[in-house]
Structure formats: structure tokens, C-alpha cells
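# Analysis of the macromolecular model
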Amino acid sequence: MRKKLIVGNWKMNGSQAANAELLAALKAGFNPAQSELALCAPAPYLLQLQAALQGSGIDWGAQDVSAHEGGAYTGEVSAAMLRDCGSRYVIVGHSERRQYHGESDDLVALKAQRALAAGLTPIVCVGETLPDREAGRTEFVVKRQLSAVIHAVGHCCSEIVVAYEPVWAIGTGLSASAEQAQAVHAVLRAQLRAATAQAERNRILYGGSMNAANAAELLRQPDIDGGLIGGASLKAASFLSIAAAS
Ligand code: 3PY
């Protein structure tokens, strides 16, 4: 039985003062019996999260990582640095990185590989655009995206977390129905089963406008093992009610 994992993706939001308030409320309201909780914050705040969350049972991590190990790569943040700040997770291949920064499947796969090598768990995002879905290409696209990572990480495949985030449901307020999401999660589970005998360990999260109102139904689906939460993770009440719904 996989324990549900609820991950907040703060995106480019936060300030030391606002974070302190949010972290205090999350620590006070978090019930570890319900789910595992993690926060993926902008890199400058990771030390603040480490100081506030150490020993709380809430994990933290980053939203991106360099594909390089270290050295002359101005502006980049390495997997080892994220680990050094106590991170457990790092998101790779979020659609906003694929769309605005031109990240390819191969680059995302390299980032996942770097993360694992440094002892981080990559949260690998996959998802189709609206034109992909309308053209019946959803399965093809998500399998292609996951396949690049599976090939790159080899026998470590059971250690990744996958997040299915339909691009048309990100930042739009639209969410996939529970049936639509479960259908894609089942495809991803089958792909993981074909790659590793331990695919029952892989958690596959749903992301894309998951909120307090739709979380319970999504999280009831057999292959939905948690959520990657955008806007609703910036308010303690809504984030905690998603965690309680699991
Ligand atoms: C969203 O819910 O909008 C996300 O992009 C989560 O990663």
C-alpha cells in the first residue's frame, strides 16, 4: 500500500516573512497519519525551510536542478547543493520549464539522473497539451516523456516519483476528471511495470489545479498516489485540507 504524497509546488512565489507564516501553520496542522507532505520552494528559501522543518516530518525540495554536476555554469544550482540544503525532492520537467525554457525529454532525463546520483528523489512531470489530447495523442506523449527518464535512470526506476500534469489544467483552474486522470495514471503504471519489478513502489501524483474541492475524488483512484499542488499549496488551509482528503 503506497502512502499518499502531497507536494506543494510554490513556483516563483514567497518571501521570508510569508514563508515563515505558512510554515508555522503547516507544522501546526500537519497530521503525519494522513499522508506524507513536502514543499518544493524557490532555491533561495531552501535553508529557511531546512531551519523551520527539520524534525517536523514535512520534507522539502526544489523545483529544478542543473543537468551539470558542478563548475562553470553561471546561474545553475547543482543536485549536490540541493542535497546540502537538506532537500529530499526535486521537480524535473515541469511543463513550465519545458514550455518557457525549452527543456527536452533528454534534458529532463539527465536532470533526473543527476538528482538520483546525489541522493534526491526526482518528481518527474509528464503531461499533454490540449491539442495533443484533442488529437488523441495523450498516451503517446506521456509515454515518450517517461520513457526518456526510464532509459536514463535504469535500475533506479522504482525510486522516482512521477507527476501527471495535463498542461491544459495548469494555471487554468481546469482539472482532469478523476476518470481521465486515472486512465493516464494506469498507462504510466503499466509502463513502469514493464520497466521494473518494483513498480508498485512508484508513486504517481496528479497535478494540474488539484484543490480542496476536487482532491478527495482524485485521490480515491487506485493509481493516484498523491498530488503536486500549485496555487492551493500557498495557503495553509487549502493545502492541509488536500492532505486530509488523502
Ligand atoms: C499546478 O497545479 O498548477 C501545477 O503546476 C502544479 O505543479
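We now turn to the structure provided with this report. (Residues numbered from 1 in each chain as written. Predicted model: local features only at pLDDT ≥ 70, side-chain atom pairs only at ≥ 80, totals over all residues. Heavy atoms only, no water.)

Scanning the chain from terminus to terminus reveals 10 helices and eight strands. Expected size for 246 residues packed as a compact globule is a radius of gyration near 18 Å; at 17 Å, the chain falls within 12% of this value. Principal-axis analysis of the C-alpha atoms gives the chain an extent of 45 × 45 × 35 Å. Classification of the 246 residues of the chain by burial places 53% in the buried group. Considering only intrachain contacts with a sequence separation of at least 6, the fraction spanning at least 24 residues in the chain is 72%. Split by element, the accessible area of the chain, about 10,700 Å² in all, is 53% carbon and sulfur. A distance of 4 Å separates the average location of the 21 positive side-chain charges in the chain from that of its 22 negative side-chain charges. (Helix = DSSP H or I, 4+ residues; strand = E, 2+ residues; numbered from the N terminus. Rg over C-alpha atoms; globule rule 2.2 N^0.38 Å. Buried < 20%, exposed > 50% of the residue type's maximum accessible area, 1.4 Å probe, protein only. Contact = heavy atoms within 4.5 Å. Areas by Shrake-Rupley, 256 points an atom, 1.4 Å probe, with all protein chains shown as cover. Lys, Arg positive; Asp, Glu negative; His and termini not counted. Charge placed at Lys NZ, Arg CZ, Asp CG, Glu CD.)

All right, on to helix H2 (residues 46-53) then. Every buried residue of H2 is listed here: Leu-46, Gln-48, Leu-49, Gln-50 and Leu-53. On the buried face of H2, the contacting elements are helix H1 (16-29), strand S2 (36-40), strand S3 (59-62) and helix H3 (79-84). Gly-55 lies just past H2 and shows a positive phi near 85 degrees.

Attention now moves to the pattern of salt bridges. The full count for this structure, using the stated rule, is 17 salt bridges. We note a salt bridge from Arg-2 to Asp-225, for which the minimum N-O separation is 2.9 Å. Here Arg-2 is found in the segment before strand S1 (5-9), whereas its partner Asp-225 is found in the loop between helix H9 (215-219) and strand S8 (226-229), with 223 residues between them in sequence. Through salt bridges with shared partners, a single network forms among Arg-2, Arg-189, Arg-193, Glu-200, Asp-223 and Asp-225. (Salt bridge = Lys/Arg side-chain N within 4 Å of Asp/Glu carboxyl O.)

Turning our attention to the site of the ligand. The immediate surroundings of the ligand are formed by Asn-9, Lys-11, His-94, Glu-165, Ile-170, Gly-171, Gly-208, Ser-209, Leu-228 and Gly-230. Side-chain polar atom of Glu-165 to an oxygen atom of the ligand: 2.7 Å apart, as the coordinates give it. Note that an oxygen atom of the ligand is positioned 3.3 Å from one of the backbone N or O atoms of Gly-230. Computed on the free molecule, the ligand has an accessible area of 230 Å², of which 96% lies beneath the protein chains in the complex. Classifying every residue of the shell around the ligand gives two nonpolar, six polar and two charged. (Near = heavy atom within 4 Å. Polar contact = N/O pair within 3.5 Å; in protein donor to acceptor, adjacent residues only side chain to side chain. Nonpolar A, V, L, I, M, F, W, Y, C, P; charged D, E, K, R; others polar.)

Further remarks concern the nonpolar core. Among the nonpolar cores identified, the biggest contains 64 residues, and Leu-39, Leu-49, Leu-188 and Tyr-206 are the most heavily contacted of them. Counting residues per element, this core draws most heavily on helix H7 (residues 138-153), which supplies six residues. Among residues more than four places away in sequence, those in contact with Leu-39 are Gly-8, Trp-10, Leu-23, Leu-26, Leu-49, Leu-53, Ile-58, Asp-59, Trp-60, Gly-61 and Phe-239. Ala-38, Ile-91, Val-161 and Leu-205 belong to the second-largest nonpolar core, a separate cluster that totals 12 residues. (Core = buried A, V, L, I, M, F, W, Y, C linked by side-chain atoms within 4.5 Å.)

What the eight strands build is a closed barrel, ordered S1-S2-S3-S4-S5-S6-S7-S8; its pairing is parallel. Neighbouring strand axes in the sheet, compared pairwise and without regard to direction, differ in orientation by 25 degrees on average. Relative to strand S6 (residues 161-164), strand S5 (residues 121-126) is paired through four bridges, and the arrangement is parallel. Bridge assignment links Val-126 to a residue of S6, and that residue is Tyr-164. (Pairing = 2+ DSSP bridges. Axes fitted to C-alpha atoms, helices over the stretch in contact; angles between N-to-C directions.)

Moving on, we get to the side chain of Arg-203. Along the chain, Arg-203 falls in strand S7 (residues 203-207). A polar atom in the side chain of Arg-203 sits 3.2 Å from the side chain of Glu-36. Setting aside residues no more than four positions away along its own chain, Arg-203 makes contact with Arg-2, Lys-3, Lys-4, Leu-5, Glu-36, Tyr-89, Ile-160, Val-161, Val-162 and Asp-225.

Between H7 and helix H8 (residues 178-195), whose axes approach to 10 Å, the crossing angle comes to 35 degrees. The element H7 and its partner H8 pack so that their crossing is right-handed. Across the interface between the two elements, Thr-138, Glu-139, Val-142, Lys-143, Leu-146, Ser-147 and Ile-150 of H7 pack against Val-184, Val-187, Leu-188, Gln-191, Leu-192 and Ala-195 of H8. (Left-handed = near helix turned anticlockwise from the far one by under 90°.)

Moving on to unusual backbone geometry. Glycine aside, a negative phi is what most residues show, and trans is what most peptide bonds show. Positive phi is not limited to glycine here, since Lys-11 has a value of about 55 degrees. In this fold, Lys-11 is placed in the loop between S1 and H1.

To continue, consider the environment of Arg-144. With respect to the helices and strands, Arg-144 occurs in helix H7. On a C-alpha basis, the gap between Arg-144 and Val-126 in space is 9.1 Å, while along the polypeptide they are 18 residues apart.

What follows is about H7. With 16 residues, H7 extends 23 Å from end C-alpha to end C-alpha; this agrees with the ideal 22 Å at 1.5 Å per step. Listing the buried residues of H7 in full gives Thr-138, Val-141, Val-142, Gln-145, Leu-146, Ala-148, Val-149, Ile-150 and Val-153. Against the buried residues of H7 lie helix H4 (95-100), helix H5 (105-117), S5, helix H6 (130-134), S6 and H8. (Expected span 1.5 Å × (residues − 1).)

Just geometry here; none of it tells us what the structure is for.
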